[in-house]
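# Per-entry structural report
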Amino acid sequence: MLNIIIESNYEEICQRLPNRISNVRGYFDTSYEPAWFDDEFVRKIIQEIDKTTVVSGINLYNDVLLGISPESLSSGSKALILLWKEDCIVNGDRLGDNCIGLLLEIAKRKDITITTSHILPFPASGQLPVKTVVHGYGEIKSKKEFADAFVNEVYGNGEAWSALKGDGLDMRVDISIQSKRLEYAFQIREKITFITGDSATGKTKMVSLINSFGNPSVKINVSNGFDFISISESEFSKFVKHANRRIHENQYGSLKEYWDDKGNFPIADSVIVIDDETFVESSEFAAFVNADKYNYYIIINRTQLAKISDSMHEVYTLKTSGRLHWLERRYDSPVDGYDPEAMIRSQIEADAVRK
């Protein structure tokens with residue numbers, strides 16, 4: 001069986017898994033045993049990955065490099081050998097794309113565990129050939145399911161989403177907004193919902209209705225007891241300034257650490273709407289959302305996909321017919337028609353989410 005732990009936060013992984021082999025090359029070079037190279041499967045790994053033959057013992061031969069030592073093997077070979085020969089957790093980011101076939105072969109023979117901070121290049125179609133379990137998400141059966149779990153964990157839903165769902169109750173939120181001339185009705189299912197698409201479809205008008213709280217001609221209903229609010233750049237700046245003041249006083253080490261303290265988070269039990277604000281692209285907002293265990297977000301922004309992202313299942317356009325407005329999913333799948341790994345690799349500011 002293959003167990004996968006998605007690395008959404010490097011420091012957290014190091015704390016939770018102090019014995020994880022992160023520096024695969026350094027660990028292997030100081031820990032391998034000569035007897036390992038008499039193992040037929042180890043020889044297969046070295047031949048397939050490094051195109052190198054085990055002559056005898058630790059004497060290896062490569063057509064390009066000629067005689068080499070085990071220290072000269074690739075990190076991919078070393079990671080696979082460690083998974084095969086030892087009972088350990090290995091940093092799967094050391095595995096090249098050409099290592100995945102052998103990784104699955106090892107998992108057929110023994111239970112192994114890896115961490116990863118990238119989408120593993122599993123076969124694009126068909127069911128995975130070995131039982132594969134993603135920590136926190138259960139068994140997955142395809143690359144699509146792994147991509148869904150990965151994007152969900154790394155870009156917004158992870159542990160914060162698990163805490164938000166609590167004991168597993170259905171926490172989908174139904175929203176309706178009615179005025180004399182307009183009606184909005186939709187449901188949100190994830191921590192972050194993006195609304196993109198054409199101009200003049202009623203997005204900004206929806207926000208203005210939300211901001212008209214107390215107006216008797218506007219009726220707003222949100223299920224599960226959530227409030228419905230919007231925040232502007234000036235309001236968010238106040239959150240950041242207050243947090244930075246506490247950090248300057250050496251009470252907290254970072255924005256995320258400050259907002260991770262439940263008593264410091266300025267909003268709770270709300271659906272937060274943000275309309276076309278540039279601050280959603282900032283590292284400060286990324287830290288804010290990553291620490292948030294209490295709220296949902298509706299972000300109206302056409303440029304959000306390269307900055308803060310969530311499952312592509314939750315990117316919508318606002319549709320309208322007469323007075324009625326509703327949300328229509330923009331992408332059918334995070335894999336079909338949209339490449340989540342390409343999106344992830346393009347996220348220059350994604351490190352801010354993971355710090």
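For the structure, check the block above.
Everything numeric in this text was worked out from a predicted model, so none of it was measured. (Residues numbered from 1 in each chain as written. Predicted model: local features only at pLDDT ≥ 70, side-chain atom pairs only at ≥ 80, totals over all residues. Heavy atoms only, no water.)

### A closer look at helix α5 (residues 100-109)
Turning to α5, its buried residues are Ile 100, Leu 102, Leu 103, Leu 104, Ile 106 and Ala 107. Buried positions along α5 lie against β1 (2-6), α3 (40-50), α4 (75-85) and β6 (112-116). (Buried < 20%, exposed > 50% of the residue type's maximum accessible area, 1.4 Å probe, protein only. Helix = DSSP H or I, 4+ residues; strand = E, 2+ residues; numbered from the N terminus. Contact = heavy atoms within 4.5 Å.)

### A short note on the nonpolar core
Among the nonpolar cores identified, the biggest contains 48 residues, and Leu 2, Phe 37, Leu 80, Leu 103, Phe 122 and Phe 146 are the most heavily contacted of them. Within the residue set of this core, elements represented by two or more residues are β1, α2 (24-31), α3, α4, α5, β6 and α6 (143-154). Counting residues in hydrophobic clusters, the runner-up holds 27 residues, among them Trp 259, Phe 279, Tyr 294 and Val 315. (Core = buried A, V, L, I, M, F, W, Y, C linked by side-chain atoms within 4.5 Å.)

### Observations concerning the packing of α4 against α5
When two helices pack together, you describe them by how their axes are tilted relative to each other and by the distance separating the axes. Between α4 and α5, whose axes approach to 10 Å, the crossing angle comes to 5°. Classed by the angle they form, the pair α4 and α5 counts as roughly parallel. Contact residues: Leu 80, Leu 83 and Trp 84 in α4; Leu 102, Leu 103, Ile 106 and Arg 109 in α5. Taken together, the residues of the contact of α4 with α5 break down into 6 nonpolar, no polar and 1 charged. (Axes fitted to C-alpha atoms, helices over the stretch in contact; angles between N-to-C directions. Parallel < 35°, antiparallel > 145°, perpendicular 65-115°, else oblique. Nonpolar A, V, L, I, M, F, W, Y, C, P; charged D, E, K, R; others polar.)

### Re the sheet that holds strand β3 (residues 59-62)
Strand order across the open sheet formed by 3 strands is β2-β3-β4, with antiparallel pairing between neighbours. With one partner strand each, in any of the chains shown, β2 (52-56) and β4 (66-68) form the two edges of the open sheet. Across this sheet, the average inter-strand angle for adjacent strands is 35°, counted without regard to direction. Note that β2 and β3 share 4 bridges and pair antiparallel. The partner of Thr 53 across the bridge, within β3, is Tyr 61. Helix-sheet contacts for α3 involve β2 and β3, and the interaxial angle to β2 is about 145°. (Pairing = 2+ DSSP bridges.)

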